[in-house]
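Take a look at the letters that make up each chain.
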Amino acid sequence: MTAATDSGAAPAPPAYVLADVVRVTPLSPGMTRITLFSETLRGYPSTRVGDEYVRVHFPLESGELLVPEVDEGGDWHYPEGRYPHIQPYTIRRFDPDAGEADIDFVLHGHGRATRWASGARPGDRLLFGPPRSLYEAPAAAARQIFVTDATGLPALGRLLEQLDPATRAVAVVEIADASHRIPLTSPARLEVRWVAGRGNGVAPSAITEILRGLDIAPGTYVWVAGESRELRDARRYLRHERRLPGDWYKVIGYWTYKQEEWRQKYEALDPGVLAQLNDVWEATEDEELRRDLYEAGLERLGL
(Lines give C-alpha, C1' and ligand atoms only; values in the text may rest on other atoms or scores of the structure.)
Protein backbone atom coordinates (compact mmCIF):
# COMPACT_ATOMS: atom_id res chain seq x y z
CA MET A 1 0.00 0.00 0.00
CA THR A 2 1.39 3.43 -0.95
CA ALA A 3 1.95 6.29 1.42
CA ALA A 4 -0.71 8.32 -0.41
CA THR A 5 -3.25 5.59 0.24
CA ASP A 6 -2.18 5.29 3.89
CA SER A 7 -2.68 9.02 4.43
CA GLY A 8 -6.06 9.05 2.76
CA ALA A 9 -4.87 11.61 0.18
CA ALA A 10 -6.89 11.84 -3.01
CA PRO A 11 -5.22 10.33 -6.09
CA ALA A 12 -3.58 12.72 -8.51
CA PRO A 13 -5.84 13.80 -11.39
CA PRO A 14 -5.12 12.10 -14.71
CA ALA A 15 -2.68 13.76 -17.09
CA TYR A 16 -5.19 13.48 -19.91
CA VAL A 17 -8.62 12.13 -20.78
CA LEU A 18 -9.05 9.59 -23.58
CA ALA A 19 -12.76 9.77 -24.38
CA ASP A 20 -15.18 7.96 -26.68
CA VAL A 21 -17.91 9.64 -28.69
CA VAL A 22 -21.26 8.27 -27.47
CA ARG A 23 -23.72 10.73 -29.04
CA VAL A 24 -23.78 13.27 -31.87
CA THR A 25 -26.61 15.82 -31.63
CA PRO A 26 -27.19 18.52 -34.28
CA LEU A 27 -28.09 21.83 -32.62
CA SER A 28 -28.47 24.01 -35.71
CA PRO A 29 -27.16 24.09 -39.29
CA GLY A 30 -24.06 25.74 -37.84
CA MET A 31 -23.38 23.72 -34.69
CA THR A 32 -23.26 20.12 -33.51
CA ARG A 33 -22.85 18.65 -30.02
CA ILE A 34 -20.45 15.77 -29.39
CA THR A 35 -21.04 13.86 -26.14
CA LEU A 36 -17.93 12.12 -24.85
CA PHE A 37 -17.60 9.36 -22.26
CA SER A 38 -14.61 8.28 -20.21
CA GLU A 39 -14.30 6.66 -16.80
CA THR A 40 -11.54 9.19 -16.22
CA LEU A 41 -14.12 11.99 -16.27
CA ARG A 42 -15.58 10.71 -13.00
CA GLY A 43 -12.53 12.14 -11.24
CA TYR A 44 -11.86 15.03 -13.61
CA PRO A 45 -10.76 18.32 -11.93
CA SER A 46 -13.41 20.53 -13.55
CA THR A 47 -13.27 24.23 -12.68
CA ARG A 48 -17.11 24.23 -12.71
CA VAL A 49 -16.90 27.71 -14.30
CA GLY A 50 -19.10 28.21 -17.35
CA ASP A 51 -16.38 29.07 -19.85
CA GLU A 52 -13.96 26.29 -18.89
CA TYR A 53 -12.08 24.96 -21.88
CA VAL A 54 -9.65 22.20 -22.76
CA ARG A 55 -7.03 21.72 -25.44
CA VAL A 56 -8.47 18.98 -27.63
CA HIS A 57 -6.04 16.68 -29.46
CA PHE A 58 -7.63 15.43 -32.68
CA PRO A 59 -6.90 12.27 -34.67
CA LEU A 60 -4.47 12.48 -37.56
CA GLU A 61 -5.87 12.72 -41.09
CA SER A 62 -5.42 8.94 -41.27
CA GLY A 63 -7.85 8.58 -38.34
CA GLU A 64 -5.18 7.46 -35.86
CA LEU A 65 -5.39 9.11 -32.45
CA LEU A 66 -1.93 9.52 -30.98
CA VAL A 67 -1.51 9.07 -27.23
CA PRO A 68 1.31 11.15 -25.72
CA GLU A 69 3.95 10.11 -23.24
CA VAL A 70 3.86 12.25 -20.12
CA ASP A 71 7.13 12.84 -18.26
CA GLU A 72 7.59 13.36 -14.51
CA GLY A 73 7.25 17.12 -14.96
CA GLY A 74 3.86 16.69 -16.61
CA ASP A 75 5.05 17.62 -20.11
CA TRP A 76 3.47 15.77 -23.03
CA HIS A 77 5.64 14.25 -25.76
CA TYR A 78 4.65 12.95 -29.20
CA PRO A 79 6.90 11.07 -31.66
CA GLU A 80 9.10 13.42 -33.66
CA GLY A 81 7.29 14.69 -36.73
CA ARG A 82 3.93 13.21 -35.67
CA TYR A 83 1.92 15.89 -33.96
CA PRO A 84 -1.87 16.03 -33.74
CA HIS A 85 -4.01 19.04 -34.51
CA ILE A 86 -4.69 20.76 -31.18
CA GLN A 87 -7.41 23.33 -30.60
CA PRO A 88 -9.11 24.72 -27.48
CA TYR A 89 -12.81 23.99 -26.98
CA THR A 90 -15.33 24.79 -24.25
CA ILE A 91 -16.83 22.02 -22.14
CA ARG A 92 -20.51 22.83 -22.61
CA ARG A 93 -21.75 20.28 -20.05
CA PHE A 94 -19.86 18.22 -17.49
CA ASP A 95 -21.45 15.28 -15.66
CA PRO A 96 -18.95 13.43 -13.46
CA ASP A 97 -21.53 10.91 -12.26
CA ALA A 98 -22.17 9.78 -15.83
CA GLY A 99 -18.53 10.22 -16.88
CA GLU A 100 -19.68 12.51 -19.69
CA ALA A 101 -18.78 15.85 -21.20
CA ASP A 102 -20.38 17.73 -24.11
CA ILE A 103 -18.32 19.77 -26.56
CA ASP A 104 -20.19 21.90 -29.12
CA PHE A 105 -18.51 22.45 -32.49
CA VAL A 106 -19.19 25.31 -34.92
CA LEU A 107 -19.55 23.90 -38.44
CA HIS A 108 -18.02 26.67 -40.52
CA GLY A 109 -17.01 24.49 -43.47
CA HIS A 110 -13.23 24.51 -43.09
CA GLY A 111 -10.50 23.45 -40.68
CA ARG A 112 -9.40 20.16 -39.19
CA ALA A 113 -11.69 20.31 -36.15
CA THR A 114 -14.77 21.07 -38.24
CA ARG A 115 -13.99 18.23 -40.64
CA TRP A 116 -13.65 15.84 -37.71
CA ALA A 117 -16.85 17.02 -36.01
CA SER A 118 -18.82 16.88 -39.26
CA GLY A 119 -18.01 13.19 -39.64
CA ALA A 120 -17.90 12.14 -35.98
CA ARG A 121 -19.71 8.94 -35.05
CA PRO A 122 -20.15 6.94 -31.82
CA GLY A 123 -16.97 5.02 -31.16
CA ASP A 124 -14.65 7.77 -32.41
CA ARG A 125 -12.17 9.09 -29.87
CA LEU A 126 -10.65 12.37 -28.70
CA LEU A 127 -7.99 13.25 -26.17
CA PHE A 128 -7.80 16.35 -23.99
CA GLY A 129 -6.04 17.62 -20.90
CA PRO A 130 -6.98 19.55 -17.75
CA PRO A 131 -9.38 22.51 -17.95
CA ARG A 132 -8.93 26.22 -17.53
CA SER A 133 -11.48 29.02 -17.18
CA LEU A 134 -11.28 32.81 -17.59
CA TYR A 135 -14.66 34.24 -16.56
CA GLU A 136 -14.58 35.89 -13.13
CA ALA A 137 -17.27 38.48 -12.60
CA PRO A 138 -16.96 40.63 -9.47
CA ALA A 139 -19.41 39.71 -6.72
CA ALA A 140 -20.79 43.24 -6.90
CA ALA A 141 -21.84 42.91 -10.55
CA ALA A 142 -25.62 43.26 -10.52
CA ARG A 143 -25.74 43.36 -14.33
CA GLN A 144 -23.74 41.43 -16.90
CA ILE A 145 -23.30 41.90 -20.65
CA PHE A 146 -22.21 39.08 -22.95
CA VAL A 147 -21.26 39.77 -26.58
CA THR A 148 -19.96 36.99 -28.80
CA ASP A 149 -20.03 35.32 -32.19
CA ALA A 150 -21.00 31.68 -32.74
CA THR A 151 -17.72 30.34 -31.35
CA GLY A 152 -18.62 31.70 -27.92
CA LEU A 153 -22.10 30.17 -27.82
CA PRO A 154 -21.10 27.05 -25.83
CA ALA A 155 -19.44 29.12 -23.11
CA LEU A 156 -22.23 31.68 -23.19
CA GLY A 157 -24.88 29.00 -22.76
CA ARG A 158 -23.22 27.51 -19.71
CA LEU A 159 -22.38 30.90 -18.18
CA LEU A 160 -25.98 32.04 -18.49
CA GLU A 161 -27.23 28.85 -16.84
CA GLN A 162 -25.02 29.55 -13.82
CA LEU A 163 -26.05 33.16 -13.18
CA ASP A 164 -27.72 34.19 -9.96
CA PRO A 165 -31.48 34.79 -10.36
CA ALA A 166 -31.02 38.34 -9.04
CA THR A 167 -28.67 39.23 -11.89
CA ARG A 168 -29.81 41.19 -14.95
CA ALA A 169 -28.13 39.96 -18.11
CA VAL A 170 -27.95 40.97 -21.77
CA ALA A 171 -26.55 38.56 -24.38
CA VAL A 172 -25.89 39.67 -27.95
CA VAL A 173 -24.76 37.00 -30.43
CA GLU A 174 -23.70 37.48 -34.03
CA ILE A 175 -24.32 34.44 -36.21
CA ALA A 176 -23.78 33.63 -39.87
CA ASP A 177 -27.47 33.01 -40.54
CA ALA A 178 -30.72 33.38 -38.60
CA SER A 179 -31.20 29.60 -38.74
CA HIS A 180 -28.15 29.23 -36.47
CA ARG A 181 -29.99 30.44 -33.38
CA ILE A 182 -30.08 28.00 -30.48
CA PRO A 183 -32.02 28.21 -27.19
CA LEU A 184 -30.35 30.23 -24.42
CA THR A 185 -31.84 30.08 -20.94
CA SER A 186 -30.90 31.46 -17.53
CA PRO A 187 -32.30 31.80 -14.01
CA ALA A 188 -31.27 35.47 -14.32
CA ARG A 189 -33.44 38.18 -15.89
CA LEU A 190 -32.15 37.66 -19.41
CA GLU A 191 -32.47 39.61 -22.66
CA VAL A 192 -31.09 37.90 -25.79
CA ARG A 193 -30.44 39.64 -29.11
CA TRP A 194 -29.31 37.93 -32.32
CA VAL A 195 -27.38 39.66 -35.11
CA ALA A 196 -27.52 37.54 -38.26
CA GLY A 197 -25.24 37.74 -41.27
CA ARG A 198 -22.30 39.35 -39.47
CA GLY A 199 -18.90 38.02 -38.38
CA ASN A 200 -18.16 34.29 -38.27
CA GLY A 201 -16.06 34.51 -41.43
CA VAL A 202 -19.04 35.49 -43.62
CA ALA A 203 -18.99 39.29 -43.16
CA PRO A 204 -17.19 41.92 -41.07
CA SER A 205 -17.83 41.48 -37.36
CA ALA A 206 -20.17 43.87 -35.54
CA ILE A 207 -18.89 43.13 -32.03
CA THR A 208 -17.24 46.49 -31.37
CA GLU A 209 -20.21 48.29 -32.92
CA ILE A 210 -22.55 46.28 -30.69
CA LEU A 211 -20.58 47.22 -27.58
CA ARG A 212 -20.75 50.90 -28.48
CA GLY A 213 -24.53 50.66 -28.61
CA LEU A 214 -24.96 49.04 -25.20
CA ASP A 215 -25.57 50.74 -21.87
CA ILE A 216 -22.51 49.80 -19.81
CA ALA A 217 -23.49 51.46 -16.57
CA PRO A 218 -21.40 51.25 -13.37
CA GLY A 219 -21.79 47.84 -11.77
CA THR A 220 -21.88 46.04 -15.16
CA TYR A 221 -19.47 43.23 -15.96
CA VAL A 222 -18.71 42.70 -19.68
CA TRP A 223 -17.67 39.39 -21.24
CA VAL A 224 -16.70 39.38 -24.94
CA ALA A 225 -15.57 36.51 -27.18
CA GLY A 226 -14.95 36.13 -30.90
CA GLU A 227 -12.35 36.63 -33.62
CA SER A 228 -9.00 37.67 -32.15
CA ARG A 229 -8.17 40.64 -34.36
CA GLU A 230 -11.69 42.09 -34.21
CA LEU A 231 -11.53 41.92 -30.45
CA ARG A 232 -8.50 44.18 -30.29
CA ASP A 233 -10.81 47.10 -31.12
CA ALA A 234 -13.42 45.79 -28.69
CA ARG A 235 -10.91 45.61 -25.89
CA ARG A 236 -9.50 49.08 -26.70
CA TYR A 237 -13.02 50.47 -26.49
CA LEU A 238 -13.67 48.93 -23.06
CA ARG A 239 -10.24 49.71 -21.61
CA HIS A 240 -9.31 53.07 -23.13
CA GLU A 241 -12.60 54.71 -24.14
CA ARG A 242 -14.89 53.42 -21.42
CA ARG A 243 -11.99 53.09 -18.97
CA LEU A 244 -13.40 49.98 -17.30
CA PRO A 245 -11.20 48.49 -14.57
CA GLY A 246 -9.51 45.28 -15.71
CA ASP A 247 -11.55 43.08 -13.38
CA TRP A 248 -14.84 44.39 -14.83
CA TYR A 249 -14.38 42.99 -18.31
CA LYS A 250 -12.93 39.97 -20.07
CA VAL A 251 -12.16 39.90 -23.81
CA ILE A 252 -11.22 36.50 -25.22
CA GLY A 253 -10.09 35.66 -28.74
CA TYR A 254 -11.63 32.30 -29.62
CA TRP A 255 -10.37 32.07 -33.20
CA THR A 256 -8.35 33.89 -35.88
CA TYR A 257 -9.59 34.62 -39.38
CA LYS A 258 -7.42 32.80 -41.96
CA GLN A 259 -5.50 31.26 -39.08
CA GLU A 260 -3.09 29.23 -41.21
CA GLU A 261 -1.96 32.35 -43.10
CA TRP A 262 -1.59 34.23 -39.81
CA ARG A 263 0.45 31.38 -38.32
CA GLN A 264 2.77 31.25 -41.33
CA LYS A 265 3.49 34.98 -41.05
CA TYR A 266 4.06 34.68 -37.30
CA GLU A 267 6.45 31.74 -37.64
CA ALA A 268 8.36 33.55 -40.42
CA LEU A 269 9.31 36.41 -38.08
CA ASP A 270 12.99 36.96 -37.37
CA PRO A 271 13.84 35.21 -34.07
CA GLY A 272 15.05 38.48 -32.59
CA VAL A 273 11.84 40.27 -33.54
CA LEU A 274 9.78 37.42 -32.13
CA ALA A 275 11.74 37.47 -28.86
CA GLN A 276 11.25 41.23 -28.57
CA LEU A 277 7.51 40.80 -29.16
CA ASN A 278 7.19 38.16 -26.47
CA ASP A 279 9.37 40.03 -23.98
CA VAL A 280 6.44 42.33 -23.26
CA TRP A 281 4.88 39.56 -21.16
CA GLU A 282 7.72 40.09 -18.67
CA ALA A 283 7.70 43.90 -18.92
CA THR A 284 5.10 44.55 -16.23
CA GLU A 285 2.84 42.75 -13.79
CA ASP A 286 -0.16 44.68 -15.16
CA GLU A 287 -1.89 42.06 -17.35
CA GLU A 288 -3.93 44.59 -19.32
CA LEU A 289 -0.87 46.74 -20.02
CA ARG A 290 0.97 43.65 -21.24
CA ARG A 291 -1.89 42.98 -23.64
CA ASP A 292 -1.76 46.61 -24.82
CA LEU A 293 1.93 46.24 -25.62
CA TYR A 294 1.59 42.81 -27.25
CA GLU A 295 -1.34 43.75 -29.46
CA ALA A 296 0.39 46.97 -30.53
CA GLY A 297 3.44 44.89 -31.45
CA LEU A 298 1.33 42.47 -33.51
CA GLU A 299 -0.26 45.32 -35.43
CA ARG A 300 3.13 46.92 -36.18
CA LEU A 301 4.15 43.58 -37.70
CA GLY A 302 1.00 43.30 -39.79
CA LEU A 303 -0.43 40.54 -37.62
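Per chain, the residues get numbers from 1 upward, laid out in the order the sequence is written. Per-residue local features are limited, in this predicted model, to residues with pLDDT of at least 70; the limit for side-chain atom pairs, both in listing and counting, is 80 or more; totals at the level of whole chains, interfaces and linings are taken over all residues. For the side-chain quantities, the full set of heavy atoms in the structure was used; hydrogens and water were omitted.

A run of H or I in DSSP counts as a helix once it spans at least four residues, and a run of E counts as a strand once it spans at least two, with each numbered from the N terminus. Within the chain, the regular secondary structure consists of eight helices and 14 strands. Radius of gyration means the value over C-alpha atoms here, while the globule rule gives 2.2 Å times the residue count to the 0.38 power. Scaling as 2.2 N^0.38, a compact globule of 303 residues should have a C-alpha radius of gyration of about 19 Å, and the chain matches this with 20 Å. Oriented by its inertia axes, the alpha-carbon framework of the chain measures out at about 60 × 50 × 45 Å. Burial status follows relative accessibility: with a 1.4 Å probe on protein chains alone, a residue under 20% of its type maximum counts as buried, one over 50% as exposed, and anything between as partly exposed. Out of the 303 residues belonging to the chain, those deemed buried represent 44%. All accessibility values rest on the Shrake-Rupley procedure with a 1.4 Å probe; residue burial counts only the protein chains present in the view. With the model as given, the accessible surface of the chain reaches about 15500 Å², and the carbon-plus-sulfur share is 50%. His is not counted here, nor are the chain ends, while Lys and Arg score as positive and Asp and Glu score as negative. Taken as the charge centre is NZ of Lys, CZ of Arg, CG of Asp or CD of Glu, depending on the residue. In the chain, 35 side chains carry a positive charge and 45 a negative one; their mean positions are 6 Å apart.

The next subject is the pattern of salt bridges. Side chains carrying opposite charge are able to pair once their charged atoms draw close together. Here a salt bridge means any side-chain nitrogen of Lys or Arg lying within 4 Å of a carboxyl oxygen belonging to Asp or Glu. The full count for this structure, using the stated rule, is 25 salt bridges. Ionic pairing is found between Arg 125 and Asp 20, a salt bridge with its closest N-O pair at 2.8 Å. Taken together, the residues span a long stretch of sequence, with Arg 125 in strand 9 (residues 125-128) and Asp 20 in strand 1 (residues 17-28) at a distance of 105 residues. For Arg 125, a relative accessible area of 36% corresponds to the partly exposed category. Arg 82 serves as the salt-bridge partner of Glu 64, at 2.5 Å between the closest nitrogen and oxygen. Taken together, the residues span a long stretch of sequence, with Glu 64 in the loop between strand 3 (53-57) and strand 4 (69-70) and Arg 82 in the loop between strand 5 (76-77) and strand 6 (86-90) at a distance of 18 residues. Assessed through its relative accessible area of 35%, Glu 64 is described here as partly exposed. Three or more residues are tied together by salt bridges with common partners; here these are Arg 23, Arg 33, Arg 93, Asp 95, Glu 100, Asp 102 and Asp 104.

Bringing the side chain of Thr 151 into the picture now. Along the polypeptide, Thr 151 turns up in the loop between strand 10 (143-149) and helix 3 (153-161). Two N or O atoms count as a polar contact when they lie within 3.5 Å, although within protein this holds only if one can serve as hydrogen donor and the other as acceptor, and sequence-adjacent residues are included solely when both atoms are side-chain atoms. Within the local environment of Thr 151, its side chain forms a polar contact with the side chain of Asp 149, the two groups lying 2.5 Å apart. Only heavy atoms enter the contact rule, under which two residues are in contact if any of them lie within 4.5 Å. The residues touching Thr 151, leaving out its near neighbours within four places in the chain, are Val 106, Asn 200, Gly 226, Tyr 254 and Trp 255.

Okay, the sheet that holds strand 13 (residues 220-227) next. Any two strands with at least two DSSP bridges between them are considered paired. One open sheet accounts for five strands, arranged 12-11-10-13-14; its pairing is parallel. For this open sheet the edge positions go to strand 12 (189-196) and strand 14 (249-255), each flanked by a neighbour on one side alone. Adjacent strand axes in the sheet meet at a mean angle of 10 degrees, parallel and antiparallel pairs treated alike. In terms of strand pairing, strand 11 (residues 168-175) meets strand 12 through eight bridges, oriented parallel. Across the sheet, Ala 171 pairs through a bridge with Val 192, a residue of strand 12. Axes here refer to lines fitted to C-alpha atoms; in helices the fit is confined to the stretch in contact. Angles between the N-to-C directions go from 0 to 180 degrees.

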